[in-house]
Amino acid sequence: MFQDIALAGPILLPALAALLLLGVELLAGGRRSQGSFLLCALGALVALIYTGYFLANGRTGLAFNGTLNVDNTALLIALIVHFSALLAVLLSRSYLAARRDADAPEYYSLVMAAASGMAMLAAANDLVNVFLGVELMSIPLYVLAAIRRKSARSVEAGLKYLLLGAFASAFLLFGMGLLYGASGSTLLSALPAEIARLETNGGLAAFGVVMFLIGVFFKVAAVPFHMWTPDVYEGSPTPVTAFMATATKAAAFGLLLRFTPVIATGMGPEAGSSMLAVIAVLTMFVGNLGALRQQNLKRLLAYSSIAHAGYMLVGVAAIVAEDGGEIALTGSSAIVFYLGTYAAMNLGAFGVAVVLDRGEGREGVNELKGLCSERPLLAAVMAVFTLALAGVPPTAGFLGKLYVFSCAVQARMYALAVVAVLASVVGLFYYLRLILLMYFTPREEGAEPRLLRTDSFLAVASFVCAVLVLWLGVLPAWFVDFVEATVRG
Amino acid sequence: MNSFGILSLITFLPLLGALVVAFLPRENPKVLRAAALLFGLANLGLSLLIVNAAGTMVFVERLHWIPAFGVCYGMAVDGISMPLVILSCLVVPIIIATTFHVGRGLKEYLVLLLIMETGMVGVFCATDIILFYVFFELTLVPLYFLIGMFGGVNRIYAAFKFFLFTAFGSLPMLVAILFLLYQHHQATGVWSASIEDLRALRLDAATQNWVFAGFALAFAIKVPLWPLHTWLPDAHVQAPTGGSIVLAAIMLKLGTYGFLRIAMPLAPQAAHSFATPVLVLAVISVIYGAYLAWAQDDLKKLVACSSVSHMGFVMLGLFALEPLAARGAMLQMLNHGVSTGALFLLVGCVYERRHKRGLDDFGGLVKVSPALGIALVITSLSSIGLPGLNGFVGELFILLGAFKTQPVFAILCASGVLLGAIYMLQMVRRVCYGTPNCEEAAHLSDMSVAEKFAFAPLVILMFWIGLAPGFLLERIGPAVDSILAALGNT
Amino acid sequence: MLMFAFQQTSAVADHVPLLPYLLIVLGLVAALLTLPLLLGRKTKNAVKSASYECGVAPKGSARQRFSVHFYLVAVLFILFDIEAVFLFPWALNIQGLGLAGFVEAVVFVAVLGLGLGYAWRKGVLDWQ
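Draft legend 1. Region of interest: the overall build of chain C. Within chain C one finds five helices and zero strands. Going residue by residue from the N terminus, the α and β elements of chain C occur as α-α-α-α-α. By the burial criterion, 0% of the 128 residues in chain C qualify as buried.

Right, dumping it as structure tokens:
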């Protein structure tokens, strides 16, 4: 019992923090946003350290009758989730301080609740827990998207996210039902063997897998289930967008990694990987092409996050194609590495977006104009993030791509690797445009000097991200080895 | 063997310099320039320590970098990379010494230049293919910023085009690299990204063709071979003087160096089967580039187009697959670096004085400002290949070698030499001789002391390589031979 | 858990005691519907003859605004409804689940209680 609770710590700690935040608000009552900020940051930090401690000491195992499988991958994903939560919280302070229409204690409590759901999703080994994780992640995010009640865009984002998210949940549930019907089990780890045993139900399992995947694709914003992404990312408060783009992706990909054996047996490695490959290609191109003409920084980053989901799906396709063996481990390590680096660079970029926003909702890419002469350090940091997102060496973004694409090569999916590389070239166009605005385009004649204030917490967050992005790009060995070693177990 | 040695020092000292300059106050340009120059010169001094590298890889460094992929931090030099490393280290201080025209943003200019030096030296020293790729791309970013921040009117378009062309080329190379790593893993069971290990792979002909194609696209864009050259005139014309010099002297060599060091040894059979198509493109580049240059009315455009022509010549030397021609190609890479670098330096000097670059905006430069005029004449002659100057030796070797294996292509390229003489001499006649075309052209100040000092080493190199090429050939020769021997009779 | 209880006693004979119960329910419903019809006083006015005596008019514009309080109360109702659904099976098995089960149920109720308290504090229950 206590063993189980200890193993579920990465899930329970943020939940506890969420409850504490509500309790403190209940007792202290109103207008203590500074206190709830610190409490939330502390909660995320404790969860992060706890997860890291378990990871470092190999404290893994099954919990609650095998319905939670807290293995190394789950812990790594939880680590990324809590890292994103912590950084998103650090970004939130100045963002919320400049706005009166969002309720701070509720906001922080919801972030923690979502983080708890994400950690659960990564560790879920039972279809019921998967659903529980998905909902515990999604419902707070629906509210967070709409938390600026007076902003039409924010409310629109929340409603869109709610409707399409509920739609996706229905698909997910349907898929789970079919999978249960095809196998007679709800344990994810038992599904492949059971499906293979009851082979007569093959069609049912394949249909179930497809339905289940549709639900997951909604969450990772894969084409053609990406339509909500730009609107929701644009309308949500910027730190929430950062959190959604990084942590939700990490959790959903964690689930997807655990689900790959089911895809391979349910649909067959050939069909499963071809479907994933097609989705990956579509996702990369729609994301990158869509980003080309965006004038809103958050919208641009939304499309970019779609494209990045596509790159990661390349790795998933490779894993499914080989169905087990060496590539399952390399592929998982690659995707986890990608998720970790992507979290750092994306959170950093959104942090800069928060600075540029100045509490006035200035989200156009043109706000980047002349940044290099006004705030050289901020511009340099943003340039690092942008180049990392574009995958230019020596940043971590390059190694992430290298790692994932090499999985495609190992799975002999050469065409997919080439297409993925071409998609990254398309991506260069709009990432370079950001740099071009920062460095090559001065602000309009007679434009008043801007007051770009960097909150100290935000500065720390951006600095940590920039250091990570460069460090992991130049000296990645420790992280790669760490990920490989832990994923291999 | 495994120590952090001289090559790492040469590679990363400029990066340290960039950091130092970045933290100096921007108010005092003299201090900035002096600090950058100090690092540049110190690095040049250090680079002279490797001057005796010849047939084999020396100063080997090898550290694990990403063990999971067998990727190492591997550095070493031989007779092929040594001169290019030294040239990189020479060019950067020359540019720093002539940055007086850069007003605002001098700090960024110097920082980018020094980061660039790290990338350039790193490319030539890397013995690990992933490390090579990383440095290869690293050179791209600072030059993109240099062009975009300090370039001419169309700088943004040019910077964009430059970055996209080269990145577009280098990403297929990445797939080829990943494929090779995987093949090595399949064949031996271990991951390795060392170029030496990958050379030992025995790939079948079809696979080699694909690998070669992947690399060739990246390098051909960099060289640049016709029809992938269109980014070059734009980038050159828009780039600031320093950017143009680096581009001409070093960046284009990354392409030819890549062919010699990576593409040909890793896919030897494909190098033979691709020789004819590559040579066709090379010949077109030589002749078409020369015609383009002939048609230009703008000094900088003329020099930029002449680059296309000269680099086509280098490709002829490489793909003649003959020892003498390959030596010539290596020499010609250096010569082009020295001569064209110097030409861009002089064009920059002229432009600062006149703020125009048209061939008809000058006249009588030799009389108006003798040092500048004579420098331009000497450099042009060296670029044409006048005996006694550096260009002659390289061209002669290439043509002699190529006549043995590829007589048709050699004859066609030889006509390029003639065309080169035509457009260069015409340029010299219009700019340096005759009478000044207008009032402004009659009163141009002569070279400053700093400019003379910056230009002097280039002139010395022109004469030295022209009169005594033996020193370099002794070092280039064995290294080139060992690569050609591996290509050998496949 | 309730579902499982039914499944375990699937024999038809086990359901026989339900039959009188069913008959009583049906009889009660029938009586309650017919008695007012026979005994009640008849009043006829517009309100009485509307389809729904209280609630929304069945005809007219659908674009009516409701007080948001309806939703808040409804959400709270669902919450505590589900709480009951979870507590019933626990209550049936309270002896088997023992102290651990009790603690879990207390935690569960406490979390919901915290939520209710928070909602109360935020003024969800005040009907202005």
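Draft legend 2. Region of interest: the overall build of chain B. Within chain B, the secondary structure is distributed over 20 helices and two strands. Taking 23 Å as the expected radius of gyration for a compact globule of 490 residues, we find that chain B reaches 21 Å, a close match to that expectation. Along the first, second and third principal axes, the C-alpha atoms of chain B reach 75 × 55 × 40 Å. Looking at chain B as a whole, 63% of its 490 residues are labelled buried. Summarising the internal contacts of chain B: among those between residues at least 6 apart in sequence, 80% fall at separations of at least 24.

Draft legend 3. Inspection of the packing of helix α17 (residues 396-410) of chain A against helix α6 (residues 155-188) of chain B at higher detail. Put simply, α17 of chain A and α6 of chain B touch, their axes get as near as 9 Å, and they point 55° apart. One finds that α17 of chain A runs oblique with respect to α6 of chain B. Read as a crossing pair, α17 of chain A and α6 of chain B show a hand that is right-handed. Residues Phe405, Ser406, Val409 and Gln410 of chain A of α17 of chain A form the contact with α6 of chain B, whose own contacting residues are Leu178, Phe179, Leu181 and Tyr182 of chain B. Its residues assigned to classes, the contact of α17 of chain A with α6 of chain B shows six nonpolar, two polar and no charged.

Draft legend 4. Local environment of the interface of chain A and chain C. With seven residues of chain A at the contact, the number on the chain C side is six residues. In the side of chain A that touches chain C, the residues fall into four nonpolar, two polar and one charged.

Draft legend 5. View of the nonpolar core. All names here are of chain A. Ranked by internal contacts, the top residues of the largest apolar core, which has 414 residues, are Val81, Val111, Val314 and Ala317. Looking at which element gives the most residues to this core, the answer is helix α14 (residues 326-357), with 20 residues. Taken domain by domain, the makeup of this core includes at least three residues from each of domain 1 (1-167 + 183-195 + 220-255) and domain 2 (270-489). Beyond its immediate stretch of four places on either side in the chain, Val111 contacts Cys40, Ala85, Ala88, Val89, Leu144 and Phe243.

Draft legend 6. Molecular detail of the interface of chain A and chain B. Taken together, the contact pairs 23 residues of chain A with 28 residues of chain B. Among the elements that make up the side of chain A that touches chain B, the one with the highest residue count is helix α18 (residues 414-439) of chain A (nine residues). The class makeup of the residues in the side of chain A that touches chain B is 18 nonpolar, three polar and two charged.

Draft legend 7. Highlighting the confidence of the model for chain C. Residues and elements named next belong to chain C. For chain C, the mean per-residue pLDDT works out to 81, and 90% of the residues sit at or above 70. Taking the mean pLDDT of every element in chain C, the minimum, 45, falls on helix α1 (residues 2-8) and the maximum, 92, on helix α2 (residues 18-39). Interface confidence for the predicted complex, expressed as ipTM, amounts to 0.75; the pTM equals 0.83.

Draft legend 8. The arrangement of the environment of Arg197 of chain A in detail. All names here are of chain A. Checked against the element boundaries, Arg197 lands in helix α8 (residues 191-197). You can call Arg197 exposed: it has 11 C-beta atoms within 10 Å. Residues Arg197 and Ala182, 15 residues apart in the sequence, show an inter-C-alpha distance of 9.9 Å.

Draft legend 9. Fine view of the pairing of strand β1 (residues 58-66) of chain B. All names here are of chain B. Note: β1 against strand β2 (residues 71-77), six bridges, orientation antiparallel. Bridging across to β2, Ile66 finds its partner in Val71. Between β1 and β2, which follow one another and run antiparallel, lie four residues, and Gly70 among them has a positive phi close to 70°.

Draft legend 10. Spatial organisation of helix α20 (residues 477-488) of chain A. Between its terminal C-alpha atoms α20 of chain A stretches 16 Å, which fits the 16 Å expected from twelve residues at 1.5 Å a residue. Within the span of α20 of chain A, buried status applies to Val480, Val483, Glu484, Thr486 and Val487 of chain A.

Draft legend 11. Seen up close, the arrangement of the chains. Contacts between protein chains span two pairs of chains, and they are most numerous for chains A and B. You won't find any contact between chain B and chain C; their C-alpha atoms come no closer than 45 Å.

Draft legend 12. Spatial organisation of the packing of helix α10 (residues 241-266) of chain B against helix α13 (residues 299-319) of chain B. Residue and element names in this part refer to chain B. Put simply, α10 and α13 touch, their axes get as near as 11 Å, and they point 25° apart. When the axis of α10 is compared with that of α13, the two are roughly parallel. Seen from above, α10 lies across α13 with right-handed handedness. Two secondary-structure elements touch here, α10 through Ala248, Leu252, Thr256, Phe259 and Leu260 and α13 through Ser307, Met311, Val314, Met315 and Leu318. By residue class, the composition of the contact of α10 with α13 is eight nonpolar, two polar and no charged.

Draft legend 13. A look at helix α14 (residues 323-354) of chain B. Residue and element names in this part refer to chain B. With 32 residues, α14 should reach 46 Å at 1.5 Å per residue; the first-to-last C-alpha distance of 46 Å fits that figure. Burial runs high along α14: 28 of the 32 residues are buried. Two residues or fewer after α14 comes His355, characterised by a positive phi angle close to 55°.

Draft legend 14. Molecular detail of the pairing of β2 of chain B. Counting buried residues in β2 of chain B gives seven out of seven residues, a clear majority hidden from the surface. Every second residue of β2 of chain B is oriented toward a common face, with Val71, Tyr73, Met75 and Val77 of chain B on one face and Cys72, Gly74 and Ala76 of chain B on the other, all of them buried.

Draft legend 15. Local environment of the environment of Val220 of chain A. Residue and element names in this part refer to chain A. Assignment of secondary structure puts Val220 in helix α9 (residues 202-220). Among the residues examined, Val220 registers 27 C-beta atoms within 10 Å and is labelled buried. Apart from the residues lying within four places of it in its own chain, the contact partners of Val220 are Lys249, Ala252, Phe253 and Ala309.

Draft legend 16. Structural context of unusual backbone geometry. Between Val223 of chain A and the following residue, Pro224 of chain A, the backbone shows a cis peptide bond with an omega angle of 5°. Residue placement: Pro224 of chain A occurs in the loop between α9 and α10 (228-235). Of note, the amide linkage connecting Val223 of chain B to Pro224 of chain B takes the cis form, showing an omega dihedral of -5°. With respect to the element layout, Pro224 of chain B can be found in the loop between α8 (205-222) and α9 (231-238).

Draft legend 17. Structural detail: the environment of Leu116 of chain C. Note on placement: Leu116 of chain C falls in helix α5 (residues 94-121). C-alpha separation for the pair Leu116 of chain C and Phe80 of chain C, spaced 36 residues apart in sequence, amounts to 9.5 Å.

What counts, and at which threshold
- Residues numbered from 1 in each chain as written.
- Chains lettered and ligands numbered in written order.
- Predicted model: local features only at pLDDT ≥ 70, side-chain atom pairs only at ≥ 80, totals over all residues.
- Helix = DSSP H or I, 4+ residues; strand = E, 2+ residues; numbered from the N terminus.
- Buried ≥ 20, exposed ≤ 12 C-beta atoms within 10 Å, placed from the backbone.
- Rg over C-alpha atoms; globule rule 2.2 N^0.38 Å.
- Contact = placed C-beta atoms within 7 Å.
- Axes fitted to C-alpha atoms, helices over the stretch in contact; angles between N-to-C directions.
- Parallel < 35°, antiparallel > 145°, perpendicular 65-115°, else oblique.
- Left-handed = near helix turned anticlockwise from the far one by under 90°.
- Nonpolar A, V, L, I, M, F, W, Y, C, P; charged D, E, K, R; others polar.
- Core = buried A, V, L, I, M, F, W, Y, C linked by C-beta atoms within 7 Å.
- Domains from an automatic or database assignment.
- pLDDT = per-residue confidence, 0-100.
- Pairing = 2+ DSSP bridges.
- Expected span 1.5 Å × (residues − 1).

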